[in-house]
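Chain by chain, the residues:
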Amino acid sequence: MTFWRIFAPFLPLLLLGQQGWPTYSGDYSGRRFSPLTQINASNVHTLSLAWATRFTATGGAAIQIKSAPLMVNNILYFTSPNHVWAVDARDGHELWHYQYPPNTGSTIGNRGVGMYGNWLFFESPDSHLISLDARTGKERWKVSIANPKLDYTSTAAPIVIGNHIITGIGGDHLDNPGFLESHDPETGALQWKWFTTPRKGEPGIETWPDEYASAHGTGQTWIPGSYDPELNLYILGTGNPNPVMADQSRKGDNLYTCSIVAINPDTGKMVWYFQATPHDTHDWDATEIPVLIDGVINGQPRKLVAQANRNGYFFLLDRTNGKNILTTPFIDSLNWSKGVNAKGQPIPDPAKNPTTDGVLVSPASNGATNWQSPSFSPDTGMFYVGSNRPFSMFYKTDTDSHPQGWGGLDTGAGTDGGALLALDYKTGKINWRHDWPSGSGVTHMLTTAGKLLFTSNGQNLIAFNPSNGKILWHAGLTANVSNGPITYMVDGRQYLLVAAGDSMFAFTVNQPAK
Amino acid sequence: MRYLTFLLAAMSLSAQEPDTVAATTAALTASKENPAAVERGSKLFQANCAGCHGATAKGGPGAPDLIRSLLVLDDEKGILIAPVLRNGRPDKGMPASNLAEPQIADIVAWLHVQTYAAGHRNTYAFLDVVTGDSKKGEAYFRSKCSSCHSATGDLAGVGKRYEPLALQTRWLLPRGAAKSTVKVTMPSGETVSGVLDRVDDFNVSLRDATGEYRSFSRDVDSPKVEITNPLKAHTDLLRVYSDADIHNVTAYLVTLR
């Protein structure tokens with residue numbers, strides 16, 4: 001057991017020499033920074049298509065690949081809701097395709113698989129955890145993680161830490177309890193379950209009117225977190241409290257919703273928390289992936305964690321204890337906060353809580369950023385995040401003393417546009433920005449030691465110089481780019497891989513003829 | 001947003017009570033339950049169940065919230081709910097009812113609409129948005145809006161054409177407004193103008209005055225691309241309005257009938 005706990009998590013990383021992409025963010029840090037350098041700033045202009053493959057479902061249902069692919073032992077594993085594929089990473093050839101039976105769960109998205117030895121783990125729209133044999137795509141077992149009748153829906157990519165398969169959950173229409181679970185990789189048996197809101201007698205219950213409000217306070221876990229093996233902490237963001245926009249039945253800060261939390265993966269116990277939006281009323285999940293940075297603050301080496309939050313603030317914390325180091329807005333349209341308190345938390349302006357006649361708030365419920373992964377480059381010291389400056393009118397529709405579900409809505413009122421921001425991680429200041437002429441600004445980021453930053457805008461996959469924001473290369477694909485680019489090495493050749501709708505595109509730099 | 005215009009009717013008999021929000025007609029329609037059965041079920045629920053479970057079935061002292069009940073949420077066609085209504089739950093203090101089977105079916109139909117309504121935000125009914133001062137709204141309109149708009153010109157009768165919520169939503173961000181125009185200036189100084197078709201960092205395309213499609217490759221500032229968005233005046237005001245300004249302007253525009 002000790003051997004596995006210490007060694008198993010790192011086995012793929014050690015064996016692959018960081019040539020693969022064995023977990024959601026490439027490694028546990030959430031940085032989406034690759035050490036590969038074959039594709040680099042001097043040759044990126046020659047980057048060209050190696051292969052493109054379109055994937056289809058039995059029965060012809062539309063496929064949208066939003067998942068982060070894994071690349072292990074020269075095979076890619078990726079998903080869309082109800083589907084898992086295994087593909088040869090050299091040429092895009094499909095090895096197997098697993099299709100989950102029809103069900104009533106939401107097919108809004110699926111973020112990918114987790115892997116442990118030869119076993120893959122996948123969450124279904126109707127909230128089952130399914131294990132597949134990676135060699136054949138055959139189902140090994142499945143276990144239920146939540147009841148879809150309560151409006152749970154599962155989109156998260158399981159994260160494998162030691163012999164823990166950590167599964168998150170989503171769905172916020174019916175005030176269901178939010179939680180995080182860990183399952184046994186061999187049997188699927190539940191190892192632990194951590195509720196994101198406190199129960200009777202637990203710390204934090206004083207931030208809710210009563211136990212009932214807390215138990216129905218939601219706080220979902222629909223995006224994976226990051227992991228620090230030295231501290232043995234799984235650090236992730238939690239979702240919004242419920243009822244979402246009608247807050248009269250949940251006075252208080254509503255811990256541990258809209259928070260960055262650190263969980264011991266062996267016990268499921270919370271070690272520290274930082275609440276990014278106290279008493280959220282605008283659907284601003286704090287699920288954006290926390291990014292682990294080993295940095296220097298005031299001359300001292302520090303273990304840090306950074307998050308660009310959907311609420312418009314950039315947070316920098318000490319990841320050993322969750323203490324705040326920096327809180328600063330990264331969009332200039334933000335209007336819901338009265339400042340920052342001594343603990344580094346924004347102070348919500350109660351005048352901007354939803355009302356029956358509407359209040360104008362920026363960012364809108366879709367946020368200043370969202371679940372799309374940012375990237376941190378240790379080469380530049382910059383944190384790259386896709387951003388937007390949307391406004392909307394927030395209305396409360398449920399004035400009952402016990403509202404339910406969303407209890408309100410927001411209607412779009414316009415945006416000042418989307419931009420790629422390069423933030424100095426120590427100050428949160430914008431070193432450079434690229435304002436997009438059209439399309440969503442909230443896109444995934446990838447940086448590499450080849451001094452490149454990859455992201456997308458509409459159908460274009462684009463390479464930037466991460467130091468100054470100059471565009472170096474682009475390619476127009478067949479549909480809007482729908483996931484985050486990843487990169488990997490097979491047989492001495494580096495590939496850049498991205499999904500656009502139902503297709504995967506792999507690029508390489510051409511080698512001179514021998 | 002189309003559903004906004006038909007969201008007003010309240011169904012429940014108890015709608016006059018301040019502490020209730022009835023499921024909307026949109027929820028009733030979308031739930032596909034029989035409206036007559038739901039109407040009967042509403043009356044039966046108020047007469048037989050509301051005393052303990054509350055008028056909106058959200059629970060009362062000692063009686064659970066039925067909208068968050070797994071049994072109710074898991075039910076289809078009364079398979080789970082009907083036995084509870086027939087037999088009660090004597091161990092938990094709920095008596096058996098004397099309801100006939102068709103009455104039980106009506107209550108089941110009503111409960112299904114309530115859970116559907118709670119869980120489907122696209123069926124929510126907005127409440128009154130006309131809370132502002134129309135005189136102040138008129139003054140604001142004259143100072144900030146009248147350079148482009150006129151109460152007797154383009155906006156004449158606008159209060160008649162839209163429900164107040166749709167009106168507030170649309171005046172903040174007009175839908176279907178004129179498209180952006182674009183002027184492209186070549187390094188030679190030649191210019192081409194027209195209605196913007198698409199633009200990104202690499203290409204820009206337009207339809208010129210003759211309807212011809214023109215497209216150009218872009219490389220940073222060459223050619224020079226100038227886009228005029230007719231909605232920019234609206235977007236710029238988003239940082240200027242107070243919420244009171246918004247409510248006042250809506251209250252004024254509602255009077256333009």
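Residues numbered from 1 in each chain as written. Chains lettered and ligands numbered in written order. Predicted model: local features only at pLDDT ≥ 70, side-chain atom pairs only at ≥ 80, totals over all residues.

**Focus: the overall build of chain A**
Inclusion rule: Secondary structure counts use DSSP, requiring at least four H or I residues in a row for a helix and at least two E residues in a row for a strand, with both numbered from the N terminus. Each residue is classified by how many other C-beta atoms fall within 10 Å of its C-beta atom, where C-beta atoms are placed from the backbone; a count of 20 or more means buried, 12 or fewer means exposed, and values in between mean partly exposed.
The helix and strand inventory of chain A stands at 3 helices and 36 strands. Along the first, second and third principal axes, the C-alpha set of chain A runs to 75 × 50 × 50 Å. Residues counted as buried form 59% of the 514 residues belonging to chain A.

**Comments concerning the overall build of chain B**
Filter applied, for reference: By the convention adopted here, residues make contact when the C-beta atoms placed from their backbones lie within 7 Å.
What chain B contains, in helices and strands, is 11 helices and 5 strands. Along the first, second and third principal axes, the C-alpha atoms of chain B reach 90 × 45 × 30 Å. Buried residues in chain B amount to 32% of all 257 residues. Sequence-distant contacts, at least 24 apart, represent 61% of the contacts inside chain B between residues at least 6 apart.

**Observations regarding the interface of chain B and chain A**
The criterion, for reference: Here the term charged refers only to Asp, Glu, Lys and Arg, the term nonpolar to Ala, Val, Leu, Ile, Met, Phe, Trp, Tyr, Cys and Pro, and the term polar to all other amino acids, Gly among them.
Taken residue by residue, the interface counts 36 residues in chain B and 40 residues in chain A. Elements with a minimum of two residues in the side of chain B that touches chain A: α4 (70-74), α6 (101-119), α9 (164-172), α10 (232-237) and α11 (243-254) of chain B. Taken together, the residues of the side of chain B that touches chain A break down into 17 nonpolar, 9 polar and 10 charged.

**Structural notes on helix α2 (residues 35-48) of chain B**
All names here are of chain B. Quick note on the threshold: Here, expected helix span is obtained from the residue count minus one, scaled by 1.5 Å.
In this model, α2 (14 residues) spans 20 Å end to end at C-alpha, consistent with the 20 Å of a helix rising 1.5 Å per residue. Looking at α2, one finds that the buried residues are V38, G41, S42, L44 and F45. Looking at the buried positions of α2, the neighbouring elements they touch are α1 (25-31), α3 (50-53) and α6.

**Some details on the pairing of strand β27 (residues 382-396) of chain A**
Residues and elements named next belong to chain A. Put simply, the rule reads: Only strands joined by at least two bridges in the DSSP assignment are considered to pair.
Counting buried positions over the 15 residues of β27 gives 15, a clear majority of the element. With 3 bridges joining them, strand β26 (residues 375-377) and β27 adopt antiparallel strand pairing. Along β27, the bridge assignment pairs S375 with Y384. Where β26 hands over to β27, the hairpin turn is made up of 4 residues, of which G381 adopts a positive phi near 70°. Here β27 runs beside strand β28 (residues 408-424); their pairing, made up of 14 bridges, is antiparallel. Bridge pairing links M382 to D424 in β28.

**What about unusual backbone geometry?**
At the junction of A:S362 and A:P363, the peptide bond is cis and its omega measures out at 5° in the coordinates. Turning to its location among the elements, A:P363 is positioned in the loop between β25 (359-361) and β26. Cis geometry marks the peptide bond from B:S222 to B:P223, where omega comes out at -5°. By the element assignment, B:P223 lies in the loop between β4 (213-217) and β5 (224-228). With a phi close to 45°, A:C258 is a non-glycine residue in the positive phi region. Note that A:C258 resides in the loop between β16 (233-237) and β17 (259-263). One non-glycine residue, A:H279, lies in the positive phi region at around 50°. Tracing the backbone shows A:H279 in the loop between β18 (270-275) and β19 (291-297). Here A:H279 falls in the partly exposed class, since 19 other C-beta atoms lie within 10 Å of it.

**Some points on the sheet that holds strand β2 (residues 191-199) of chain B**
All names here are of chain B. Convention followed: Axis angles are defined between N-to-C directions and span 0 to 180 degrees, where every axis is a line fitted to C-alpha atoms and, for a helix, only to the segment in contact.
If you walk across this open sheet you meet the 5 strands as β4-β3-β2-β1-β5, and the pairing is antiparallel. Every interior strand has two partners, whereas the edge strands, β4 and β5, have only one. For this sheet, the mean inter-axis angle between neighbouring strands, taken without regard to orientation, is 40°. Pairing geometry for strand β1 (residues 181-185) and β2, over 5 bridges, is antiparallel.

**Some points on the environment of B:R175**
Note that B:R175 resides in the loop between α9 and β1. Distance in space between the C-alpha atoms of B:R175 and B:L231 is 9.7 Å, their sequence separation being 56 residues.

**Things to note about the packing of α9(B) against α11(B)**
Residues and elements named next belong to chain B. Put simply, the rule is: Here the angle decides the label: under 35 degrees means roughly parallel, over 145 means roughly antiparallel, 65 to 115 means roughly perpendicular, and every other value means oblique. For any helix crossing, the convention is left-handed if the near helix is rotated counterclockwise from the far helix by under a right angle, and right-handed if that rotation is clockwise.
Packing of α9 against α11 leaves a shortest axis separation of 10 Å and a crossing angle of 120°. The orientation of α9 with respect to α11, classified from their angle, is oblique. Of the two possible hands of crossing, α9 and α11 adopt the one that is right-handed. Mapping the contact onto sequence places P164, L167, Q168 and W171 in α9 and V249, T250, L253 and V254 in α11. Residue classes in the contact of α9 with α11 are distributed as 6 nonpolar, 2 polar and no charged.

**Side note on the sheet that holds β19(A)**
All names here are of chain A. Taken together, the 4 strands give an open sheet; going across it, the order is β19-β20-β21-β22, and neighbouring strands pair in antiparallel fashion. One side of each edge strand has no neighbouring strand; the edge strands of this open sheet are β19 and β22 (324-329). The average undirected angle you get between the axes of adjacent strands in this sheet is 25°.

**Some remarks on the pairing of β5(B)**
All names here are of chain B. Burial within β5 is sparse, with just 0 of its 5 residues counted as buried. Here 5 bridges tie β1 to β5, and the two strands are oriented antiparallel to one another. Across the sheet, V184 pairs through a bridge with V225, a residue of β5.

**Comments concerning the environment of A:G417**
Residue and element names in this part refer to chain A. Summarising the element assignment, G417 is placed in strand β28. Judged by C-beta crowding, with 17 C-beta atoms within 10 Å, G417 ranks as partly exposed. Remark: the alpha-carbon pair of G417 and L360, spanning 57 residues in sequence, is separated by 17 Å.

**Looking at the environment of B:R207**
Residues and elements named next belong to chain B. If you trace the backbone, R207 turns up in strand β3 (residues 203-207). Expressed as a C-alpha distance, the spacing of R207 and Y241, which sit 34 residues apart in the sequence, is 35 Å. Apart from residues no more than four positions distant in its own chain, R207 is found in contact with G194, V195, D197, E212 and Y213.

**Notes on the nonpolar core**
Basically, it comes down to this: Connectivity within a nonpolar core runs through C-beta atoms within 7 Å, and the core itself is a set of buried Ala, Val, Leu, Ile, Met, Phe, Trp, Tyr and Cys residues.
A:Y77, A:V113, A:M115, A:L120, A:A306, A:F383 and A:L423 are the most contacted members of the largest nonpolar core, which totals 119 residues. Looking at which element gives the most residues to this core, the answer is strand β35 (residues 493-500) of chain A, with 6 residues. Leave out the neighbours within four places in its chain, and A:F383 touches A:V291, A:A306, A:A308, A:P374, A:F376, A:L423 and A:Y425. Within the second largest apolar cluster, 33 residues are counted, among which are A:W336, A:V361, B:V129 and B:A251.

**Comments concerning the confidence of the model for chain B**
Residues and elements named next belong to chain B. We apply this condition: Each residue carries a pLDDT score, the predictor's own confidence in it, on a scale running from 0 to 100.
Summing up the model confidence of chain B, the mean pLDDT is 89 and the portion of residues at 70 or higher is 91%. Counted against residues more than four places away or in other chains, residues 1-21, with its pLDDT under 50, gives 46 contacts. Across the assembled chains, the prediction reports ipTM 0.93 with pTM 0.94.

**Re the packing of α2(B) against α6(B)**
Residue and element names in this part refer to chain B. Put simply, α2 and α6 touch, their axes get as near as 7 Å, and they point 100° apart. For the element pair α2 / α6, the angle class is roughly perpendicular. Contact residues: α2 offers A37, V38, R40, G41, S42, L44 and F45, while α6 offers Q103, A105, D106, I107, A109, W110 and V113. Taken together, the residues that form the contact of α2 with α6 break down as 9 nonpolar, 3 polar and 2 charged.

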